[in-house]
Every structure is written in C-alpha cells, then in structure tokens.
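The lines below spell out each chain.
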Amino acid sequence: MEKVKLTQEQAKAIKRWVNKEQLIIAKASGLLEHSIDESIAELTMEQLVKALYIGYEVEPEFKKGDYVMVKWKNREKEEFYRVVSIDPWGSIHIETLDGSPNSSGHENTRHATPEEIAAEKERRWWKKHGRDVWELRKGDVLYDSIEEEALVFEKYDQDLDDEVAHFTNGLWEPMRNVKRRLRVVSFAEQRLDREGQQ
C-alpha cells in the first residue's frame, strides 16, 4: 500500500501525538481545527489512518535559491534548476539553464545533492568561458598549487586508460591529477601576453 504524503508541518503535528487512537478521536470530533495541530485537520480520516498505521513520506520543503533536480515526463535524466519562488498553492517556480522561467510540482522535484551542485557550478563556469568541463586548448595557462608554478597546456594524449595533459615545458600529468591540483588561470584566447599574435 502506498504511503501518504504529508507536509513538514503535518508530520511535526503527528509526532506531537503519542497516542494514535487519541489523535484519531480528536480528528473525528473536530478538535484539531483552530488548534496547534490544524494542519492535520486538512487530512481526510483515511489519509490520517494510513499515515499512522502504514506510514508517510514528508514532502521536501523548497525555498527561493535552492538548487533542485527535476524529472520531467518523457525525459530519461533529471535536470538541474534553481528555485526562483514558490506559489502559496505549492507550485515551484524554477529557472532554466538559460534563465527562462518554468514551474514544477513537488512530485517530480527533489533537492540537489552537494555533489550535483558542485558539478553544475563547475559546468556553468566552464560554459561561461565557452568550454566543456576540463576542455583545455593549446596555450591555456594552469597553476599548480603544489609546485607553485604556472604551466602552459600543449596537447592531450592517451596513456593506457587515462587521458594525459602535456605542457610546453615538457611535463605531463594524468588528467585526474590535473583536475585535482591544477586550476585554470587564463584561457588561451584571454592571454594578454599573446595580443597581436596569431
């Protein structure tokens, strides 16, 4: 049997009641209306009994600025959005990747994990610079935080099962190390030391 979906307020109100039978009697006699547990009064008797004896799921609470994942019908993958506002009746207004508005419901929306948020922020940063994530081009300057030196990217190469980045000074690093310890300080097309050179 399917669990009942409750708001966070309804779940908190149910937890305040130690005795399930007393809660059902209070609901049946109308004692919950205009009380601290008024949110339970909005449930039907069937929903309340199912919540108490079968179980319930709490709808996530969304607020402006939250990062969310939305699973649209007829699409395989979830998509990343940011909450712009919430209607009083619960519709979630979200911002698409290009900034245009859209809306979603609670049933197909969940909070994005910290890993998903970090990955999306990284993807957007690279996209802002006209690149795919970790798409390096000849002449890009990277900074090695361990060796404390700047490296100029030359080319990619394949070594066994890992891609390798080669630099103009003859050094090379597996891309897994590049991603972990290097950061881009200047893209080739933004380098001031190459102005006028083609």
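In this text, all values refer to a predicted model and were calculated from it rather than measured experimentally.

A.B. asks: Pulling in residues and values, what's your account of unusual backbone geometry?
C.D. replies: The backbone phi angle of W134 is positive, close to 55°, even though this residue is not glycine. Relative to the assigned elements, W134 resides in the loop between α5 (114–128) and β8 (141–144). Positive phi, normally seen in glycine, also occurs at E148, with a value near 55°.

A.B. asks: Talk me through a nonpolar patch on the surface; I want residue IDs and the actual numbers.
C.D. replies: Together, M1, M45, V49, Y53 and I54 make up a nonpolar patch on the protein surface, roughly 490 Å² of accessible area in all. By the element assignment, M45 lies in helix α4 (residues 45–53).

A.B. asks: Lay out the side chain of D66 with the relevant residues and their values.
C.D. replies: Tracing the chain through its elements places D66 in the loop between β2 (56–58) and β3 (67–70). You can call D66 buried: its relative accessible area is 12%. Within the structure, the side chain of D66 is placed 3.2 Å from the side chain of H111, a separation counted as a polar contact. The contacts of D66, once residues within four sequence positions are left out, are E61, Y81, R82, V83 and H111.

A.B. asks: Mind laying out the environment of E149, listing which residues take part and the relevant values?
C.D. replies: Position of E149 among the secondary structure elements: in strand β9 (residues 149–159). Along the primary structure E149 and L182 are separated by 33 residues, whereas in three dimensions their C-alpha atoms are 9.8 Å apart.

A.B. asks: Any details on the packing of helix α2 (residues 20–28) against α4? Residues and values, ideally.
C.D. replies: For the pair α2 and α4, the least separation of the axes is 11 Å and the interaxial angle reads 170°. Of the possible angle classes, the one that applies to α2 and α4 is roughly antiparallel. Taking contact as the criterion, the partners of K20, E21, L23, I24, K27 and A28 in α2 are, on α4, M45, L48, V49, L52 and Y53. Along the lines of polarity and charge, the residues of the contact of α2 with α4 split into eight nonpolar, no polar and three charged.

A.B. asks: Please give an account of the sheet that holds strand β6 (residues 101–104) that cites residues and values.
C.D. replies: Sheets are built from strands paired through backbone hydrogen bonds, the pairs being either parallel or antiparallel. The strand order β6-β5-β4-β3-β7 describes an open sheet built from five strands, whose pairing is antiparallel. The two strands at the open ends of the sheet, each matched to only one other strand, are β6 and β7 (109–111). Ignoring strand direction, the axes of neighbouring strands in this sheet form an average angle of 45°. Direction of pairing for strand β5 (residues 92–95) relative to β6: antiparallel, over a ladder of four bridges. By the bridge assignment for β6, E95 is matched with P101. Sheet strands in contact with α5 are β3, β4 (79–86), β5 and β7, and its direction is about 100° off that of β4.

How each quantity is defined
Residues numbered from 1 in each chain as written. Predicted model: local features only at pLDDT ≥ 70, side-chain atom pairs only at ≥ 80, totals over all residues. Heavy atoms only, no water. Helix = DSSP H or I, 4+ residues; strand = E, 2+ residues; numbered from the N terminus. Patch = residues over 30% accessible without salt bridge, like charges linked within 9 Å, V, L, I, M, F, W, Y side chains within 5 Å. Areas by Shrake-Rupley, 256 points an atom, 1.4 Å probe, with all protein chains shown as cover. Salt bridge = Lys/Arg side-chain N within 4 Å of Asp/Glu carboxyl O. Buried < 20%, exposed > 50% of the residue type's maximum accessible area, 1.4 Å probe, protein only. Polar contact = N/O pair within 3.5 Å; in protein donor to acceptor, adjacent residues only side chain to side chain. Contact = heavy atoms within 4.5 Å. Axes fitted to C-alpha atoms, helices over the stretch in contact; angles between N-to-C directions. Parallel < 35°, antiparallel > 145°, perpendicular 65-115°, else oblique. Nonpolar A, V, L, I, M, F, W, Y, C, P; charged D, E, K, R; others polar. Pairing = 2+ DSSP bridges.

Keep in mind these numbers describe shape, not what the thing actually does.
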